[in-house]
Amino acid sequence: MASYQQAKYCPHCQKNVSATKDDKCKICGNKIERGTWSVRFRIMEYDGEKQKRLSGYKPKKEAQTGYIDFINQFKASHREEKENYNLTFNMLYDEYKIFAKNKLKESSYYDFCSKCDLLISPYFQNIKVADITPKMLLNWQNWINEKSYKKNEKDHPYSYKYKNNIRSYLNSMLSYAQRYYKIPNQLKNVDGFKNKNIACEMQVWSPEEFFKFIAKVDSPEYKTFFFALYFTGARKGEILATTWDDWDLKKSTLNITKSVTKKVYGAQFLVTTPKNKSSVRKIKIPQILCNELSKYKVGREDYKFVFAGDKPLADSNIQRALKNGCEESKVKQIRIHDFRHSHASYLLSSGVPVVSVAKRLGHSNIEQTLNTYAHCMPTDEDILINTLQRLDTNCS
């Protein structure tokens, strides 16, 4: 039921006021004027009954029309919200996958789907998105904290970085539901995962450790591949994607314009663009790498991929060659990506400017390089004392 009221305006007080029965201002006693009309009524929303007030209408008829228009619009919107209420999580996931496929690179889309299929969709399934509460989302995070994955026949908890990545995927889907279905994203009301991981020191090889390792790698393909990783600092996918046209052994350069990903549906691999725009780059390579590539190229000039042949080296075979080389050389086990870390760490610790290293690595900004490798760089105090030591040597 709507209730209509006309405001009582006092010209002397210059505001709406309460009036006496004979239409005089209760504040100053002057005659009041009839003001605009307002209408009060109650509406039922999903979270309960609420009071609504519309105001500012000059004749009462405008207030009545305004009330009718509002109710009609509210009913139409309410019908849409009621339909949206029936949206289940799996329905949202299926729709969002189409949206994501048009926005993400193939490898990123593969990563999104594989992680969602593993740790998001099985938990929420046919729950209505509108029924997902902060408490339910907190329970989901606790469920993930208890989950683990198998590696080397041992159970390992998911890392803080991995869990944050999963959470960001869920947040993207719920934000999509909020934008297109007007269903509030309740994940914004839930604290994120707590970082309980002990920070591990970056695993890198010194040049001495690398040469000790490489001496135990017999296969020409893997030996040259590991040389390329260590002396370019390029990503694994970038090196696997190279053809002989990318390596200019006379000018000692490598042109990086593409990358190989194994994270793709319906194929063993896919040649795609590098990680970002700054990853497209041309870098200089040392003579030691040119020599290795020149020896390796003999008899392999027709290879589609330098490493090695009609298709890139298999990840499992690369890992096996790395593991065997580490065991035979007795050097510490590192990951393939640690070749890149080793390259950058050596350059920075040798005093190469961080801007040059960031450009060589294909980082999108210097902050990324600093955040990852700041501990490898000589401090200002080290540079200062070395400069003073040289001064002392020159004067003596």
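As shown above, the structure is provided for reference.
A brief look at the structure comes next.

### A closer look at the overall build of the protein
Along the backbone of the protein there are 15 helices and 11 strands. Taking 2.2 N^0.38 as the reference for a compact globule, 396 residues should give roughly 21 Å; the C-alpha atoms of the protein span a radius of gyration of 33 Å, well beyond that estimate. Projected onto its principal axes, the C-alpha coordinates of the protein cover approximately 105 × 65 × 40 Å. Among the 396 residues that make up the protein, the fraction classed as buried is 37%. The contacts of the protein with a sequence gap of at least 6 include a subset with a gap of at least 24, amounting to 60%. Total accessible area on the protein is roughly 24,100 Å²; 50% of this is exposed by carbon and sulfur atoms.

### Looking at the pairing of strand S11 (residues 281-284)
Burial along S11 is one-sided: Arg281 and Ile283 are buried, while Lys282 and Lys284, pointing the other way, are not. As judged from the 4 bridges shared by strand S8 (residues 253-256) and S11, these two strands associate in the antiparallel manner. Paired with leucine 254 across the strands is isoleucine 283, a residue of S11.

### Details of the nonpolar core
Residues Trp205, Phe210, Phe213, Phe226, Trp247, Phe307 and Phe339 are the most contacted members of the largest nonpolar core, which totals 40 residues. Elements represented by at least two residues in this core include exactly helix H7 (207-214), helix H8 (220-232), helix H9 (236-240), S8, helix H10 (287-297) and helix H11 (315-329). If one sorts the elements of this core by residue count, H8 sits on top with 8 residues. Ranked by size, the runner-up nonpolar core spans 31 residues in total, among them Tyr93, Ala177, Ile183 and Val190.

### Quick word on the packing of H8 against H11
H11 packs onto H8 with a crossing angle of 85° between their chain directions and a minimal axis gap of 11 Å. On the basis of the axis angle, H8 is roughly perpendicular to H11. Packed against H8, whose contacting residues are Tyr222, Phe225 and Phe226, the element H11 presents Asn317, Ile318, Ala321 and Leu322 at the interface. Here the residues of the contact of H8 with H11 sort into 6 nonpolar, 1 polar and no charged.

### Quick look at a nonpolar patch on the surface
A surface patch of nonpolar side chains, about 220 Å² in accessible area, is lined by Val355, Ile366 and Leu370. Take leucine 370: it is sitting in helix H14 (residues 366-373).

### Topic: the sheet that holds S8
Overall, antiparallel pairing links the 3 strands, which are arranged S7-S8-S11 in an open sheet. Only two strands of the sheet have a single partner each, and these edge strands are strand S7 (247-248) and S11. Of the pairings in the sheet, the one linking S7 to S8 comprises 2 bridges and is antiparallel in character. Paired with aspartate 248 across the strands is threonine 253, a residue of S8.

### Remarks on the pattern of salt bridges
Across all of its chains, the model carries 16 salt bridges by this definition. Taking the shortest distance from any N to any O, the salt bridge between arginine 235 and glutamate 238 comes out at 2.7 Å. We note that arginine 235, like glutamate 238, is buried. Taking the shortest distance from any N to any O, the salt bridge between lysine 295 and glutamate 292 comes out at 3.4 Å. Residue lysine 295 and its partner glutamate 292 are located together in helix H10, separated by 3 residues, close to a single helical turn. Residue classification places lysine 295 among the exposed positions, given a relative accessible area of 56%. Among the ionic contacts, a cluster of salt bridges with common partners joins Asp111, Lys115 and Lys263.

### A closer look at the packing of aromatic side chains
Per the counting criterion, the structure on display carries 37 aromatic pairs. Measuring from ring centre to ring centre gives 5.4 Å for tyrosine 96 and phenylalanine 99, while their planes differ by 45°; the resulting arrangement is tilted. Here tyrosine 96 and its partner phenylalanine 99 are both found in helix H2 (residues 89-101), 3 residues apart, which amounts to about one turn of the helix. The exposure class assigned to tyrosine 96 is buried, which follows from its relative accessible area of 11%. Relative accessible area serves as the criterion here: at 27%, phenylalanine 99 is assigned to the partly exposed category. Pairing tryptophan 205 with phenylalanine 213 gives two aromatic rings, centres 4.6 Å apart and planes at 40°, and the pair type is tilted. Since its relative accessible area comes to 0%, phenylalanine 213 is described here as buried.

### Remarks on the sheet that holds strand S2 (residues 15-16)
Read from one edge to the other, the open sheet built from 4 strands follows the order S2-S1-S3-S4, with strand pairing classed as antiparallel. The open sheet has two edge strands, S2 and strand S4 (48-57), and neither has a second partner.

### Side note on the packing of H8 against H10
Their axes nearest at 10 Å, the elements H8 and H10 cross at an angle of 155°. Our classification of the angle between H8 and H10 gives roughly antiparallel. By crossing handedness, the relation of H8 to H10 is classed as left-handed. Here H8 contributes Pro220, Glu221, Lys223, Thr224, Phe227, Ala228, Phe231 and Thr232 to the contact with H10, which in turn contributes Ile288, Leu289, Glu292, Leu293 and Tyr296. Split into classes, the residues belonging to the contact of H8 with H10 amount to 8 nonpolar, 2 polar and 3 charged.

Criteria and thresholds
- Residues numbered from 1 in each chain as written.
- Predicted model: local features only at pLDDT ≥ 70, side-chain atom pairs only at ≥ 80, totals over all residues.
- Heavy atoms only, no water.
- Helix = DSSP H or I, 4+ residues; strand = E, 2+ residues; numbered from the N terminus.
- Rg over C-alpha atoms; globule rule 2.2 N^0.38 Å.
- Buried < 20%, exposed > 50% of the residue type's maximum accessible area, 1.4 Å probe, protein only.
- Contact = heavy atoms within 4.5 Å.
- Areas by Shrake-Rupley, 256 points an atom, 1.4 Å probe, with all protein chains shown as cover.
- Pairing = 2+ DSSP bridges.
- Core = buried A, V, L, I, M, F, W, Y, C linked by side-chain atoms within 4.5 Å.
- Axes fitted to C-alpha atoms, helices over the stretch in contact; angles between N-to-C directions.
- Parallel < 35°, antiparallel > 145°, perpendicular 65-115°, else oblique.
- Nonpolar A, V, L, I, M, F, W, Y, C, P; charged D, E, K, R; others polar.
- Patch = residues over 30% accessible without salt bridge, like charges linked within 9 Å, V, L, I, M, F, W, Y side chains within 5 Å.
- Salt bridge = Lys/Arg side-chain N within 4 Å of Asp/Glu carboxyl O.
- Phe/Tyr/Trp six-rings, centres within 6.5 Å; stacked < 30°, edge-to-face > 60°.
- Left-handed = near helix turned anticlockwise from the far one by under 90°.

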